[in-house]
Amino acid sequence: METGGRRRRSFPDAIVVEIISRLPLRIIARFKLVSKQWRSLIESSYFRSLFVSLHRNSSSSSSWSLMFPMKFQNPITEAIGFHGCKRWDLPKSPASYLIPFQLYPNHPPLDYYYISSSNGLVWVEVFFGFDENHNVNAKSFVGNPVTKEWVEIHQPIDPSTIHNSLVTRVVNGVVSSFKLINTSYEVNDRNDVRSMYVYSSETGAWSFKRLHSPCPLQRAGFNKPLILDGTVYVWDKRLDDDDDTSPGVLVAYDFFAEEDDNQCRIIPLPGLYNKFVRRCLTTSGGDVIYVEILDRRLKVWKLKSDNSDGEWWQLTREEINMASVGFDFDCFPMGINPFDTDLVYLWSRQHSCVVSGNLRTQKFTLRQETETWSDGEGSWRINTSDSKKYMEEVHELDTTLVITLSQFVLPQWMDPVPRPPY
């Protein structure tokens, strides 16, 4: 074929696929915009299988950020960011792609807030101010800030909401749908009932739902929910828990369970509680992880998939005497590496620094303000100033809380954002 005296060449699709599949996902996302044909090729199951096969050696990690819960004074803030791994090859941490919000780059300054994340998708709320009736003018979006794919969710903002969660359904390694959960305490609710509105990407609509607990709860759970795929875990205490040494329970519910299944699970936390305990809840390697520091000893538990023996939790490793690693003074656990259960992150009040620790080698290291360092997998960044602000507030507010920071983890594959049917 000749155009203007020049011969125009086109490569066979098979060669195009072989070339593009060797690139990092950040670059592949741009190629999806070249044409409908390239987009179709890249989103095909064959291309996905080829990419996963070629990048198998880099499958042990992906870019991620450990995010603070939503706070109006500091709407989008990360504690720890990891980037630069071969799979995505990002020049900065995933949380950095949320600022500014790409859909309104030229708009006068807006308030927008990170709400929740699951399997690479992020829920963001954008506030445009107030309408003529003094009602809040806001929009919600779910999407991937790195690939810049967003879906607008139509919803009223409910000021009585205490928990907001984004959950996802994964089929054959791909996010097929998502749900948004707005949980609040209704005036007439009993202590064994939780009320909420649930949005489904499969229907494009909100529905009202009431969940029932097998035992009355104190409704102590104003903690940030922990999310693992389609299940939400919230810390609470049983109403009959008069013992001050009780560590409380996790209230768990799978939002992709059968529609008529409205029963929560109650999972007792391990160990005992006293006012000197420091603890956090997180996920790693597809498991729920509970971390505790008490009497200068660090313990890390994994939630078992089978509790037929009557035990819900098992220690991932032997407990560590913090004095032996040089950090035995007032440390708070912040989280665990999403891909390696042996890598723990703590806040040291003594040093006003984040501490990274390896449970396997028992090597613990101070990380300084805005320090960036690299290892064989990628690059790291620590946000010390905001970590100090948040962790000190938690300490002053209530030491009984279970710290739950949000993990924004990019997926192993670049899933297209599920689209509602409208």
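The structure this text deals with has already been given above.
This one's a predicted model, so the numbers in the text were calculated from it and none came from an experiment. (Residues numbered from 1 in each chain as written. Predicted model: local features only at pLDDT ≥ 70, side-chain atom pairs only at ≥ 80, totals over all residues. Heavy atoms only, no water.)

## Focus on the sheet that holds strand S9 (residues 163-171)
Right, so step 1: Judged by pairing direction, the sheet is antiparallel, and its four strands sit side by side in the order S9-S10-S11-S12 without closing on themselves. Since the sheet does not close on itself, it has two edges, and those belong to S9 and strand S12 (205-212), each with one partner. Strand after strand, the sheet turns through a mean of 30 degrees between neighbouring axes, direction not considered.
Right, so step 2: Relative to strand S10 (residues 174-184), S9 runs antiparallel, the two being bridged by nine bridges. Within S10, the position partnered with Asn164 by the bridge is Asn182. (Pairing = 2+ DSSP bridges. Helix = DSSP H or I, 4+ residues; strand = E, 2+ residues; numbered from the N terminus. Axes fitted to C-alpha atoms, helices over the stretch in contact; angles between N-to-C directions.)

## Overview of unusual backbone geometry
Right, so step 1: One non-glycine residue, Asp89, adopts positive backbone phi at about 55 degrees.
Right, so step 2: Among the structural elements, Asp89 can be located in the loop between strand S4 (78-83) and strand S5 (111-118).
Right, so step 3: Notably, Asp295 is not glycine yet its phi reads approximately 55 degrees, a positive angle.
Right, so step 4: When you line up the elements, Asp295 lands in the loop between strand S18 (287-294) and strand S19 (297-303).
Right, so step 5: The exposure class of Asp295 is exposed, given its relative accessible area of 63%. (Buried < 20%, exposed > 50% of the residue type's maximum accessible area, 1.4 Å probe, protein only.)

## Side note on a negative patch on the surface
Right, so step 1: Together, Asp254, Glu258, Glu259, Asp260 and Asp261 make up a negatively charged patch on the protein surface.
Right, so step 2: Asp260 gets classed as exposed once you look at its relative accessible area, which sits at 69%. (Patch = residues over 30% accessible without salt bridge, like charges linked within 9 Å, V, L, I, M, F, W, Y side chains within 5 Å. Areas by Shrake-Rupley, 256 points an atom, 1.4 Å probe, with all protein chains shown as cover. Salt bridge = Lys/Arg side-chain N within 4 Å of Asp/Glu carboxyl O. Lys, Arg positive; Asp, Glu negative; His and termini not counted. Charge placed at Lys NZ, Arg CZ, Asp CG, Glu CD.)

## Some remarks on the packing of aromatic side chains
Right, so step 1: Scanning the model with the defined rule gives 15 aromatic pairs in all.
Right, so step 2: Aromatic pair Phe68 and Tyr390: ring centres 5.0 Å apart, planes at 40 degrees, arrangement tilted. Taken together, the positions of Phe68 in the loop between strand S3 (64-67) and S4 and Tyr390 in helix H5 (residues 384-397) put the pair 322 residues apart, joining distant regions of the chain. Taken as a pair, Phe68 and Tyr390 share a single burial class, namely buried.
Right, so step 3: For the ring pair Tyr290 and Trp301, a centre distance of 5.8 Å and an interplane angle of 35 degrees mean the geometry is tilted. Separated by eleven residues along the polypeptide, Tyr290 in strand S18 and Trp301 in strand S19 bring together distant segments of the chain.
Right, so step 4: When its relative accessible area of 1% is taken as the criterion, Tyr290 is described as buried.
Right, so step 5: By way of ring pairs, the aromatic residues Trp64, Phe82, Tyr345 and Trp380 are connected into one cluster.
Right, so step 6: One residue, Lys92, lies across the ring of Tyr97, its end atom 4.8 Å from the ring centre.
Right, so step 7: The residue whose ring lies beneath Lys179 is Phe256, and the NZ or CZ to ring-centre distance is 5.0 Å. (Phe/Tyr/Trp six-rings, centres within 6.5 Å; stacked < 30°, edge-to-face > 60°. Lys NZ or Arg CZ within 6 Å of the ring centre and 35° of its normal.)

## Observations concerning the packing of helix H1 (residues 13-20) against helix H4 (residues 45-54)
Right, so step 1: Packing of H1 against H4 brings their axes to within 10 Å, and their N-to-C directions diverge by 40 degrees. With respect to H4, the element H1 is oriented oblique. Viewed along their axes, H1 and H4 form a crossing whose handedness is right-handed. Of the residues in H4, those touching H1 at Val17, Glu18 and Ile20 are Tyr46, Phe47 and Leu50. (Parallel < 35°, antiparallel > 145°, perpendicular 65-115°, else oblique. Left-handed = near helix turned anticlockwise from the far one by under 90°. Contact = heavy atoms within 4.5 Å.)

## Looking at the environment of Lys139
Right, so step 1: You can see Lys139 is positioned in strand S7 (residues 136-144).
Right, so step 2: In this structure Lys139 comes out as partly exposed when scored by relative accessible area, which is 29%.
Right, so step 3: As for Lys139 and Val124, which are separated by 15 residues in sequence, their C-alpha atoms are 8.5 Å apart.
Right, so step 4: Not counting residues within four places of it along the chain, the set of residues in contact with Lys139 comprises Tyr104, Val124, Glu125, Val126, Phe128 and Glu152.

## Observations concerning the nonpolar core
Right, so step 1: By size, the foremost hydrophobic cluster in this structure holds 38 residues, and its most contacted members are Trp64, Ile80, Leu298, Met322, Leu346, Phe364 and Leu405.
Right, so step 2: In contact with Ile80, not counting residues within four places along its chain, are Trp64, Ser65, Leu66, Tyr345, Val354, Trp380, Arg381 and Ile382.
Right, so step 3: One finds Leu41, Leu50, Ile76 and Tyr97 within the second-largest nonpolar core, a separate group that totals 31 residues. (Core = buried A, V, L, I, M, F, W, Y, C linked by side-chain atoms within 4.5 Å.)

## A closer look at H4
Right, so step 1: Buried within H4 we find Phe47, Leu50 and Phe51. The buried residues of H4 occupy an angular sector of 100 degrees when projected down its axis, which confines them to one face.
Right, so step 2: Those residues of H4 that are buried are in contact with H1, helix H2 (25-31) and helix H3 (36-42). (Arc of directions from axis to C-beta.)

## A closer look at the side chain of Asn383
Right, so step 1: Its place among the elements puts Asn383 in the loop between strand S27 (379-382) and H5.
Right, so step 2: In this structure Asn383 comes out as buried when scored by relative accessible area, which is 9%.
Right, so step 3: Side-chain polar atoms of Asn383 contact the side chain of Ser385, separated by 3.4 Å.
Right, so step 4: If we ignore the near neighbours within four places in the chain, the residues touching Asn383 are Thr77, Glu78 and Ala79. (Polar contact = N/O pair within 3.5 Å; in protein donor to acceptor, adjacent residues only side chain to side chain.)

## Side note on the pairing of strand S15 (residues 249-254)
Right, so step 1: Burial analysis of S15 places five of its six residues in the buried class, the great majority of the element.
Right, so step 2: By the bridge criterion, six bridges tie strand S14 (residues 231-236) to S15 in an arrangement that is antiparallel. The residue bridging Val232 from the neighbouring strand is Tyr253, located in S15.
Right, so step 3: Judged from the four bridges that link them, S15 and strand S16 (residues 265-268) form a sheet pairing that is antiparallel. The partner of Val249 across the bridge, within S16, is Pro268.

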